[in-house]
Amino acid sequence: MLVLILLAGCSTTEQLKQASTPFMDQHIRNFSQLTYFQIEGKIRLKTKESSDSANLQWQQQGDSYNMTLSGPFGQTGARMEGSPYQVMLTIPDKGRFIDQSPEKLLYNHFGWDLPISSLLYWIRTLPAPGSGYQSELNQAQQIRLLQQDGWNIHYDRYHSVSSESLQSPELPGRIKVNRGQLELTLIINQWQLPAHQLARLQ
């Protein structure tokens, strides 16, 4: 059974606070358990030369993921399927392309320099493993900002996912990722979590 949440906007005036190491250690332990989910939303990409957007569907099942883009810059229905071993990009009328890196595939075929491997962690408010990071909290003691590998990851909207008997920690509704003149905005309209996954987040 899937538990759904439809997201609505909200904002508050925030006083920021550096996240402590014990806080982040516990946060990483908790949210690393979020390994099965599906989201629906929009992705907006702004560069020095252009600004584009597309609808996004993202399914995560453990270490494997499936992302589908549709609408304006993804109007052909491009799909990217990945695992720790390989990534496959399917573009209708153009074929399938395989590489070990999602970054290489997107750059070679769309010219986008996006940290997709890290985004798999950032969407869960987790720092990507293997490099240092800094973090700040909002007034609700949630991650408000991550800084990692030259990227700024802002979380300015959160919402809870709940059923009649279970409620998870709040999950992001809008994420802004930027470095230099490149800005990626991910608006999450809906999270879907299987009941067993929701129970693990208690």
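Rules used throughout
- Residues numbered from 1 in each chain as written.
- Predicted model: local features only at pLDDT ≥ 70, side-chain atom pairs only at ≥ 80, totals over all residues.
- Heavy atoms only, no water.
- Helix = DSSP H or I, 4+ residues; strand = E, 2+ residues; numbered from the N terminus.
- Buried < 20%, exposed > 50% of the residue type's maximum accessible area, 1.4 Å probe, protein only.
- Areas by Shrake-Rupley, 256 points an atom, 1.4 Å probe, with all protein chains shown as cover.
- Pairing = 2+ DSSP bridges.
- Phe/Tyr/Trp six-rings, centres within 6.5 Å; stacked < 30°, edge-to-face > 60°.
- Patch = residues over 30% accessible without salt bridge, like charges linked within 9 Å, V, L, I, M, F, W, Y side chains within 5 Å.
- Salt bridge = Lys/Arg side-chain N within 4 Å of Asp/Glu carboxyl O.
- Lys, Arg positive; Asp, Glu negative; His and termini not counted.
- Charge placed at Lys NZ, Arg CZ, Asp CG, Glu CD.
- Core = buried A, V, L, I, M, F, W, Y, C linked by side-chain atoms within 4.5 Å.
- Contact = heavy atoms within 4.5 Å.
- Arc of directions from axis to C-beta.
- Polar contact = N/O pair within 3.5 Å; in protein donor to acceptor, adjacent residues only side chain to side chain.

### Brief notes about the overall build of the chain
The secondary structure content of the chain amounts to 4 helices and 13 strands. Within the chain, the proportion of its 202 residues that are buried is 43%. A total accessible area of about 10800 Å² is found for the chain, and carbon and sulfur atoms account for 46% of it.

### Section: the pairing of strand S10 (residues 143–148)
Here strand S9 (residues 134–137) pairs with S10 via 4 bridges, running antiparallel. When the bridges of S10 are listed, Glu 136 appears paired with Leu 145. Counted along the chain from S9 to the antiparallel partner S10, the turn is 5 residues long, and its residue Gln 141 has a positive phi close to 60°. Adjacent in sequence and paired antiparallel, S10 and strand S11 (residues 151–159) are bridged by 2 residues, among which Asp 149 carries a positive phi angle near 50°.

### What about the packing of aromatic side chains?
This model, assessed by the stated rule, comprises 3 aromatic pairs. For the ring pair Tyr 155 and Tyr 158, a centre distance of 6.4 Å and an interplane angle of 35° mean the geometry is tilted. Here the two residues Tyr 155 and Tyr 158 agree in accessibility, since each one is buried. Counting every residue linked through ring pairs, the aromatic cluster contains Phe 37, Trp 58 and Trp 191.

### Brief notes about a positive patch on the surface
A cluster of basic residues, Lys 42, Arg 44, Lys 46 and Lys 176, forms a positive patch at the surface. A per-element tally of the positive patch places strand S3 (residues 36–46) first, with 3 residues. Relative to the elements of secondary structure, Lys 46 occurs in strand S3.

### Some remarks on the nonpolar core
Grouped together as the largest cluster of nonpolar side chains are 48 residues, with contacts concentrated most on Trp 58, Trp 122, Ile 123 and Trp 191. The element contributing the most residues to this core is strand S13 (residues 182–194), with 6 residues.

### Section: the pattern of salt bridges
The tally for this structure, following the rule as stated, stands at 3 salt bridges. For Asp 113, the salt bridge identified is with Arg 179, shortest N-O distance 3.7 Å. Highlighted residues: Asp 113 in the loop between helix H2 (102–110) and helix H3 (116–122) and Arg 179 in strand S12 (residues 171–179), separated in sequence by 66 residues. In this structure Asp 113 comes out as partly exposed when scored by relative accessible area, which is 42%. Its relative accessible area of 34% is what places Arg 179 among the partly exposed residues.

### Remarks on the side chain of Thr 125
The topology assignment puts Thr 125 in the loop between H3 and S9. Discounting chain neighbours no more than four positions away, the residues touching Thr 125 are His 27, Phe 31, Ile 143, Leu 146, Tyr 155, Tyr 158 and Pro 172.

### Some words on H2
The periodicity of an α-helix, 3.6 residues per turn, causes residues three or four positions apart to be oriented the same way. Within the span of H2, buried status applies to Pro 102, Leu 105 and Leu 106. The buried residues of H2 occupy one face: seen down the axis, they fall within an arc of 90°. Away from its buried face, by an angle of more than 90 degrees, H2 presents the exposed residues Tyr 107 and Asn 108. Packing partners of the buried residues in H2 comprise strand S5 (64–70), strand S6 (79–82), strand S7 (87–91), strand S8 (95–99) and H3. After H2 finishes, the residue Gly 111 shows a positive phi value of roughly 80°.

### Quick word on the pairing of strand S4 (residues 51–61)
Two faces, one strand: in a regular strand the side chains alternate between the faces of the sheet. Of the strand pairs in this sheet, S3 and S4 are connected by 11 bridges, and their pairing is antiparallel. Bridge pairing in S4 places Tyr 36 opposite Gln 61. Two successive antiparallel strands, S3 and S4, enclose a turn made up of 4 residues. Bridging between S4 and S5 involves 7 bridges; their strand directions are antiparallel.

### Concerning the side chain of Gln 192
Inspection of the secondary structure assignment puts Gln 192 in strand S13. Among the polar contacts made by the side chain of Gln 192, one reaches the side chain of Gln 190 at a distance of 2.7 Å.

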